[in-house]
Amino acid sequence: MSTATHIEALLKARIGLDAGAIGTGAVARAVRERQQARQAPDTQAYWDLLHGTADEFQALIEAVVVPETWFFRHREALLALGRLAAERAFADGRRTLRALSLPCSTGEEPYSIAMAMLDAGVPAGRFAIDAVDISARALARARQGEYGANAFRSAPLDFRDRYFTATPSGYVLDARVRAQVRLLQGNLVDPGLLAGERPYDFVFCRNLLIYFDAPGQRHAVQTLARLAAADGILFVGPAEASVLSAQGLEPVGLPLTFAFRKPSAVPAARAAPRAPVHAAQPPRMAAPPRLPRPPASMRPVPVTPPPLRPAAPAPGNDQRAALAAIAAQADRGELEAATAACLALLERTADANADAYCMLGVLHDAAGRAAQAHAAYRKALYLDPAHQESLYHLAALLDTEGDHAGAMHLRQRAQRHTRKHHG
């Protein structure tokens, strides 16, 4: 076994990273970067240094883990979180809601969770968020609370006006949002992760499981289920829904949220027959009082994945309903069925639109079919060159293939359109 293979095995054992999921080239680049930084002449020398120097393994993790995140990413999940949090808060006036963001990267996700709950009318004193990441560097940036334009990719951006202060170098997050979030360093692979903490009402672990192999995924899901309350809700990425379904978790049924719950939390009429008898059913919640109309950032809007907004040409009601049904299939982890339905829709629809092709791209992307995803995103951009969701999805895909210049070009296109429409 080569030294490079030993390093990949070490990363897998320590943090659960399957090098094949990100490409062995990504690990090799990180190792070369650290070799140069530590002036190690070869990989064997670096291997010795890795085991004999304090904090070098953490530095390697920092080089391997390159976060890709922005505020209100996958917005529909955050909208759902706000609604569910408001229901729980008003149903039980004494309950302090707890949310977990893992991994939290540079803070965009946990801070978005905080803003979503505040916008939904949940008082600041009624919820708290724990944000965990393995990267000390990412956590340091999250603590600073300062962000550039690249962190604001999802329209509308009115939340930025409410919760940020513009500076010459970017935007500074309001202290009232930062106060809701506790930033912690931790590792999902650690069996004692957050062992002393009370269970969480909401657990976000999105786009991390895809980097684990099958045994690692099973272990991670078991840990996430342990951290969630009996009626807790787990949010994952679109490509990870089938992983949770395979382990017996139930989709909540909110389209495009990729939200799951434990079988014991399913209402009695639909409860899984094997649910443990000692697990208490959550009380039936009273309807919450009518809330004031939420601000624009909390209303249904185009989301990633995939958008349902009108495009040119605008789809009719039948097509919108079909797209919603396809999204619901994908949310249940039925990616192949959803892909077939989307292809059938495009075949029978005379006026195909960018939204439908973007959805097809997301489905192919989630299933690991990069070439088909490329083609679908390109078709969406042919139909609508300003289609932001397709621009960002295709950019992310190019990044994973090493075409960083092409990815940057697409992001710059998307950002130009954002500035044009939102000032």
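Since this is a predicted model, take the numbers as computed values, not measurements.

Here we come to the overall build of the protein. Helix and strand content of the protein: 18 helices and 10 strands. Classification of the 423 residues of the protein by burial places 52% in the buried group.

Let us look at the environment of Lys-262. When you line up the elements, Lys-262 lands in the loop between strand 10 (259–261) and helix 13 (317–331). Overall, the relative accessible area of 19% leaves Lys-262 in the buried class. Once the C-alpha coordinates of Lys-262 and Gly-248 are considered, the two residues, 14 residues apart in sequence, prove to be 7.6 Å apart. Filtering out sequence-adjacent residues up to four positions away, Lys-262 remains in contact with Ala-225, Ala-228, Ala-229, Ala-230 and Gly-232. Only 2.8 Å separates the side chain of Lys-262 from the backbone oxygen of Ala-225, close enough to count as a polar contact. Side-chain polar atoms of Lys-262 contact the backbone oxygen of Ala-228, separated by 2.8 Å.

On to the pattern of salt bridges. Counting across every chain of the model gives 14 salt bridges. Notably, a salt bridge pairs Asp-231 with Arg-88, separated by 3.9 Å at the nearest N-O pair. Highlighted residues: Asp-231 in strand 8 (residues 228–235) and Arg-88 in helix 6 (residues 75–91), separated in sequence by 143 residues. As a salt-bridge pair, Arg-98 and Asp-130 come within 4.0 Å of each other at their nearest N and O atoms.

Take unusual backbone geometry next. Here the bond from Leu-102 into Pro-103 is cis, since omega is 0°, no more than 30 degrees from zero. Position of Pro-103 relative to the elements: it lies in the loop between strand 1 (97–101) and helix 7 (108–119). Unusually for a residue other than glycine, Phe-72 sits at a positive phi of about 55°. Within the secondary structure layout, Phe-72 lies in the loop between helix 5 (56–64) and helix 6. Non-glycine residue His-74 carries a positive phi angle of around 55°. Note that His-74 resides in the loop between helix 5 and helix 6.

Turning to the nonpolar core, a few remarks are in order. Membership of the largest hydrophobic core comes to 56 residues, with the highest contact counts inside it found for Leu-100, Leu-188, Leu-244 and Leu-363. At 8 residues, helix 15 (residues 354–366) tops the list of elements feeding residues into this core. Among all residues touching Leu-363, those that are not within four sequence positions of it are Ile-326, Ala-330, Leu-335, Ala-338, Thr-339, Cys-342 and Arg-369.

Working note: regular strand, side chains alternate between the two faces of the sheet. Judged by how many residues are buried, strand 2 (residues 127–133) sits mostly within the fold: 6 of 7 residues are covered. Relative to strand 6 (residues 181–185), strand 2 is paired through 5 bridges, and the arrangement is parallel. Counted as the bridge partner of Asp-130 is Arg-182 from strand 6.

Along its 14 residues, helix 14 (residues 335–348) runs 20 Å from first to last C-alpha, staying within 8% of the 20 Å computed at 1.5 Å per residue. Among the residues of helix 14, Leu-335, Ala-338, Thr-339, Cys-342, Leu-345 and Leu-346 are the ones counted as buried. Each buried residue of helix 14 sits inside an arc of 125° when the element is viewed along its axis, so together they form one side. Opposite the buried face of helix 14, by more than 90 degrees, sit the exposed residues Glu-347 and Arg-348.

With that settled, the discussion passes to the sheet that holds strand 9 (residues 250–251). One open sheet accounts for 7 strands, arranged 6-2-1-7-8-10-9; its pairing is mixed. Sheet topology places strand 6 and strand 9 at the edges, where each strand pairs with a single neighbour. The sheet contact formed by strand 7 (residues 200–204) and strand 8 spans 4 bridges and is parallel. Its bridge partner being in strand 8, Tyr-200 is matched across the sheet by Ala-228. Running over the sheet, helix 11 (residues 214–227) touches strand 1, strand 7 and strand 8 and is turned about 130° from strand 8.

Per the counting criterion, the structure on display carries 10 aromatic pairs. Aromatic pair Phe-204 and Phe-235: ring centres 4.3 Å apart, planes at 15°, arrangement stacked. In this pair, Phe-204 is assigned in strand 7 and Phe-235 in strand 8, connecting sequence segments 31 residues apart. Directly above the aromatic system of Tyr-200 lies the positively charged group of Arg-98, at a separation of 4.3 Å from the ring centroid. The ring centre of Phe-152 lies 5.1 Å from the NZ or CZ of Arg-160, which sits over that ring.

Position of Leu-84 among the secondary structure elements: in helix 6. Put simply, Leu-84 and Asp-201 are 117 residues apart on the chain and 9.8 Å apart in space, counted from C-alpha to C-alpha.

The terminal C-alpha atoms of helix 16 (residues 370–383), which comprises 14 residues, lie 20 Å apart, in line with the 20 Å expected from a rise of 1.5 Å per residue. Ala-373, His-374, Ala-376, Tyr-377, Ala-380 and Leu-381 are the residues of helix 16 that are buried.

Moving on: the confidence of the model for the protein. For any part of a model where pLDDT is low, the fine detail of the predicted coordinates should not be relied upon. Scored by pLDDT, the protein comes out at a mean of 77, with 77% of its residues at no less than 70. Here residues 266–315 is a poorly scored stretch, pLDDT under 50, and it has 105 contacts once near neighbours within four places are set aside; other chains count.

Inspection of every chain in the model, using the stated rule, returns 0 disulfides. The closest cysteine sulfur to the non-disulfide-bonded Cys-342 is located on Cys-358, 9.7 Å from its own sulfur. Taking the relative accessible area as the measure of exposure, Cys-342 reaches 0% and is therefore buried.

What counts, and at which threshold
Every residue gets a number counted from 1 within its own chain, in the order that chain's sequence is written. The predicted origin of the model limits local features to residues at a pLDDT of at least 70 and limits the giving and counting of side-chain atom pairs to 80 or more, whereas totals for whole chains, interfaces and linings rest on all residues. The basis for every side-chain value is the complete set of heavy atoms in the structure, and neither hydrogens nor water enter the calculation. Only DSSP runs of H or I reaching four residues or more are called helices, and only runs of E reaching two or more are called strands; each is numbered from the N terminus. Only protein chains enter the accessibility calculation, which uses a 1.4 Å probe; a residue is then buried when its area is under 20% of its type maximum, exposed when over 50%, and partly exposed in between. Whether two residues are in contact is decided by their heavy atoms, any of which lying within 4.5 Å being enough. Under this definition, polar contacts are N or O atom pairs within 3.5 Å; protein pairs additionally need one hydrogen-donor-capable and one acceptor-capable atom, and for neighbouring residues in sequence, both atoms have to be side-chain atoms. Salt-bridge detection follows one rule: a side-chain nitrogen of Lys or Arg within 4 Å of a carboxyl oxygen of Asp or Glu. Take the buried residues of types Ala, Val, Leu, Ile, Met, Phe, Trp, Tyr and Cys, join any two whose side-chain atoms come within 4.5 Å, and each joined set is a nonpolar core. Strands were regarded as paired on the criterion that DSSP finds at least two bridges between them. Given the number of residues in a helix, its expected span is that number minus one, multiplied by 1.5 Å. Throughout, the arc means the angular range of directions from the helix axis out to the C-beta atoms. Note on definitions: angles span 0 to 180 degrees between N-to-C directions of axes, and those axes are lines fitted to C-alpha atoms, for helices only across the stretch in contact. Each aromatic pair joins two rings of Phe, Tyr and Trp (for Trp, the six-membered one) with centres within 6.5 Å, and gets the label stacked for planes under 30 degrees apart, edge-to-face for over 60, and tilted for any other angle. Only Lys NZ and Arg CZ are tested; either one counts as a charge over a ring when it is within 6 Å of the ring centre and within 35 degrees of the ring normal. Each residue carries a pLDDT score, the predictor's own confidence in it, on a scale running from 0 to 100. Disulfides are defined in this document as cysteine sulfur pairs within 2.5 Å.

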